[in-house]
Amino acid sequence: MSEINGKVAIITGGADGIGEALADDFLNRQAKVIYIIDINEKKGQETLNTLKNKHGAGRIQFRKCDVRYTDLLEAAFKDCMDQYGQLDVVCNNAGIFNEYTRKLTIDVNLAAVIEGTYLAVKYMGTQNGGKGGVVVNTASIYGLCPQKLSTVYAASKHGVVGFTRSVAFEPDVVSNGVRVVAICPDAVDTTLVPIASEIGVKYTKEIKQFTAGRPLLKLNDVTSTVVHLIEDGSANGTTRLIRVGLACGRGTLINNLIYDPVKPVQITYL
Ligand SMILES: NC(=O)c1ccc[n+]([C@@H]2O[C@H](COP(=O)([O-])OP(=O)(O)OC[C@H]3O[C@@H](n4cnc5c(N)ncnc54)[C@H](O)[C@@H]3O)[C@@H](O)[C@H]2O)c1
Ligand SMILES: CCCCC/C=C\C=C\[C@H](O)C/C=C\C/C=C\CCCC(=O)O
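Just so it is clear, the model here is predicted, and its values are computed rather than measured.

Student: Which residues make up helix H5 (residues 151-167), and what values do they have?
Tutor: A rise of 1.5 Å per residue sets the reference length of H5, with its 17 residues, at 24 Å; its end C-alpha atoms lie 24 Å apart and thus fit the reference within 8%. For H5, the full list of buried residues reads Val 152, Tyr 153, Ala 154, Ser 156, Lys 157, Val 160, Val 161, Phe 163, Thr 164 and Val 167. In the core, the buried residues of H5 are packed alongside helix H4 (102-124), strand E5 (133-138), helix H6 (171-174), strand E6 (178-185), helix H7 (192-198) and strand E7 (239-242).

Put into structure tokens, the structure is as follows:
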């Protein structure tokens, strides 16, 4: 039986893409409740209906919320606790790609992940009446290597990696029985990359060239890795690269990654 069985999970950015796939996967594994937080009300309602049809009503909830506003984010956490009386997993997954909106990128991709992690400790922590739990932060391959065509996005994701590796061992977090991990996916089959390379981004031509024909990770590659990290009680501070061609789920720890867009990528794995 999966560790996800009977758990209550909050997923930000759960209306679409990776977050939606996580919600579906957790429900398949008999999660008790999935509480989706997303800014996109229309897509959120659609996803809610799809998941209700598939898994039955009562185990899935959608709340419109912009994760940049910590008071609104906390109200969602509180609502989840008030309704279901438990919280076990928090996936801080909402993210954007737009190099023209630099502060927005940092606020959504990094600041909201930091706030979401501390809210998770507050609501799941053993010293606060909870049972402890797991926080999964969505970073990116660009949290591990530089990318000159998306520098602010890369900065936000490097921030998620540095934060996750540090906060996981913060005394107040450890003593509350909360583990914190991150995933660092290569390109995934969602609309994020195609949209990024179509609309209003910097270096559109170069990004199109860079991403054209690139093999994409399937959503299942990402969800299986997240489940593995949740189920592995020893995973803490782990920042897991998920790359096409590497075994997903089992995990590949990155030791040293030297990235140069011109020369071939050299990667050493542990
Ligand atoms: N798709 C990829 O190739 C890829 C690779 C690595 C990492 N990621 C990361 O994975 C995460 C999910 O991306 P995705 O590919 O599923 O994209 P997506 O666009 O399909 O989903 C992102 C979701 O986040 C929501 N969101 C955006 N801003 C928000 C806000 N302020 N408040 C609440 N919700 C907000 C969107 O409405 C959307 O539903 C992001 O953090 C992204 O950076 C994606
Ligand atoms: C060149 C910039 C591409 C930007 C695409 C937009 C958003 C991407 C977000 C994801 O976090 C990462 C997605 C795609 C990454 C594509 C290739 C990574 C390859 C790394 C490498 O082989 O060097």
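Student: Give a detailed account of the site of ligand 1, specifying residues and quantitative values.
Tutor: Every one of the 28 residues lining ligand 1 counts as a neighbour, but Ile 18, Asp 38, Tyr 153, Val 188 and Thr 190 are closest to it. Residue Ile 18 places a main-chain N or O atom 2.8 Å away from an oxygen atom belonging to ligand 1. The backbone of Asn 93 places a nitrogen or oxygen atom 2.9 Å from an oxygen atom of ligand 1. In isolation ligand 1 offers 830 Å² of accessible surface; the protein chains occlude 93% of this area. Those elements that place two or more of their residues in the shell around ligand 1 are helix H1 (17-28), H5 and H7. Along the lines of polarity and charge, the residues of the shell around ligand 1 split into 15 nonpolar, eight polar and five charged.

Student: Go over unusual backbone geometry, please, and point to the residues and values.
Tutor: Even without being a glycine, Gln 30 presents a positive backbone phi close to 70°. Secondary-structure assignment places Gln 30 in the loop between H1 and strand E2 (33-38). Exposure remark for Gln 30: the relative accessible area of 45% places this residue in the partly exposed category. Backbone geometry places Tyr 203, a non-glycine residue, at a positive phi of 60°. Secondary-structure assignment places Tyr 203 in the loop between H7 and helix H8 (204-211).

Student: Any details on the pattern of salt bridges? Residues and values, ideally.
Tutor: Counted according to the given criterion, the structure contains ten salt bridges. Taking the shortest distance from any N to any O, the salt bridge between Lys 42 and Glu 46 comes out at 3.2 Å. Residue Lys 42 and its partner Glu 46 are both found in helix H2 (residues 41-55); the two are separated by four residues, about one turn of the helix. Since its relative accessible area comes to 63%, Lys 42 is described here as exposed.

Student: Before we move on, could you go through the pairing of E2 and cite the residues and values that matter?
Tutor: Counting buried positions over the six residues of E2 gives six, a clear majority of the element. By the alternation rule, side chains of E2 split into Val 33, Tyr 35 and Ile 37 and Ile 34, Ile 36 and Asp 38, which are all buried. Looking at chain direction, strand E1 (residues 8-12) and E2 are connected through five bridges and run parallel. Bridge pairing links Ile 10 to Tyr 35 in E2. Handedness of the β-α-β unit built from E1, H1 and E2 comes out right-handed.

Student: Requested: an account of the confidence of the model for the protein, with residues and values cited.
Tutor: Of the residues in the protein, 90% reach a pLDDT of 70 or more, and the chain-wide mean stands at 89. At the level of chain-chain contacts, confidence expressed as ipTM amounts to 0.97, with global pTM at 0.92.

Student: Pulling in residues and values, what's your account of the sheet that holds E2?
Tutor: On the basis of which strands lie adjacent, the open sheet formed by seven strands has the order E3-E2-E1-E4-E5-E6-E7 and parallel pairing. Each edge of the sheet is formed by a strand with only one pairing partner; in this case those strands are strand E3 (60-64) and E7. The sheet shows a mean angle of 15° between the axes of neighbouring strands, taken without regard to direction. Where E2 lies against E3, five bridges are found, and the strand directions are parallel.

Student: Quick rundown of the state of the cysteines? Include the residues and the values.
Tutor: In total, this model carries zero disulfides according to the counting rule given. Left unpaired, Cys 184 is separated from the closest cysteine sulfur, that of Cys 145, by 9.7 Å.

Student: A description of the side chain of Asn 176 should follow, citing residues and the corresponding values.
Tutor: Structurally, Asn 176 can be placed in the loop between H6 and E6. Separated by 2.7 Å, the side chain of Asn 176 and the backbone oxygen of Asp 172 make a polar contact. Apart from the residues within four sequence positions on either side, Asn 176 is in contact with Val 121, Met 124, Gly 125, Thr 126, Gln 127, Asn 128 and Gly 132.

Student: Explain the packing of aromatic side chains to me, and be specific about the residues and the numbers.
Tutor: The final tally for this structure, using the stated rule, is three aromatic pairs. On the basis of an interplanar angle of 45° and a centroid distance of 6.0 Å, the ring pair of Phe 77 and Tyr 123 is categorised as tilted. Taken as a pair, Phe 77 in helix H3 (residues 70-84) and Tyr 123 in helix H4 lie far apart in primary sequence, 46 residues in all. Accessibility assignment for this pair places Phe 77 and Tyr 123 in one class, buried.

Reading guide: rules and limits
The residue count restarts for each chain, going from 1 along the sequence in the order it is written. Labels follow written order: the first chain is A, the first ligand is 1, and so on. Reporting of local features is limited, given that this is a predicted model, to residues whose pLDDT is at least 70; pairs of side-chain atoms are given and counted only at 80 or more, and all residues count toward the totals for whole chains, interfaces and linings. Computation of side-chain values covers all heavy atoms of the structure but excludes hydrogens and water. Under the DSSP-based scheme used, a helix requires at least four consecutive residues in state H or I and a strand at least two consecutive residues in state E, with every element numbered from the N terminus. To estimate the expected span of a helix, count its residues, drop one, and scale the result by 1.5 Å. Three labels apply to residues, based on accessible area from a 1.4 Å probe with only protein chains included: buried if under 20% of the type maximum, exposed if over 50%, partly exposed otherwise in between. Throughout, a residue-residue contact means that at least one pair of heavy atoms, one from each residue, lies within 4.5 Å. The criterion for a residue being near a molecule or strand is simple. One of its heavy atoms has to lie within 4 Å of it. Polar contact criterion, stated in full: a pair of N or O atoms within 3.5 Å, where within protein one must be able to donate a hydrogen and the other to accept it, and residues adjacent in sequence count only if both atoms are side-chain atoms. Each accessible area is a Shrake-Rupley estimate made with a 1.4 Å probe; only the visible protein chains count as cover when residues are assessed. Residue polarity is assigned by list, with Asp, Glu, Lys and Arg as charged and Ala, Val, Leu, Ile, Met, Phe, Trp, Tyr, Cys and Pro as nonpolar; anything else, Gly included, falls into the polar class. By definition, a salt bridge exists where a carboxyl oxygen of Asp or Glu is found within 4 Å of a side-chain nitrogen of Lys or Arg. Between any two strands, at least two bridges found by DSSP are needed for them to pair. When the strands point away from the viewer, a crossover counts as right-handed if the path from the first strand over the helix to the second runs clockwise. Every residue carries a pLDDT, the predictor's confidence in it, which falls somewhere between 0 and 100. Comment: axis = line fitted to C-alpha atoms, over the contacting stretch for helices; angle = value between 0 and 180 degrees taken between N-to-C directions. By definition, disulfides here are pairs of cysteine sulfur atoms that lie within 2.5 Å. When the centres of two rings from Phe, Tyr and Trp lie within 6.5 Å, Trp using its six-membered ring, the rings pair. Their planes under 30 degrees apart give stacked, over 60 give edge-to-face, and anything left gives tilted.

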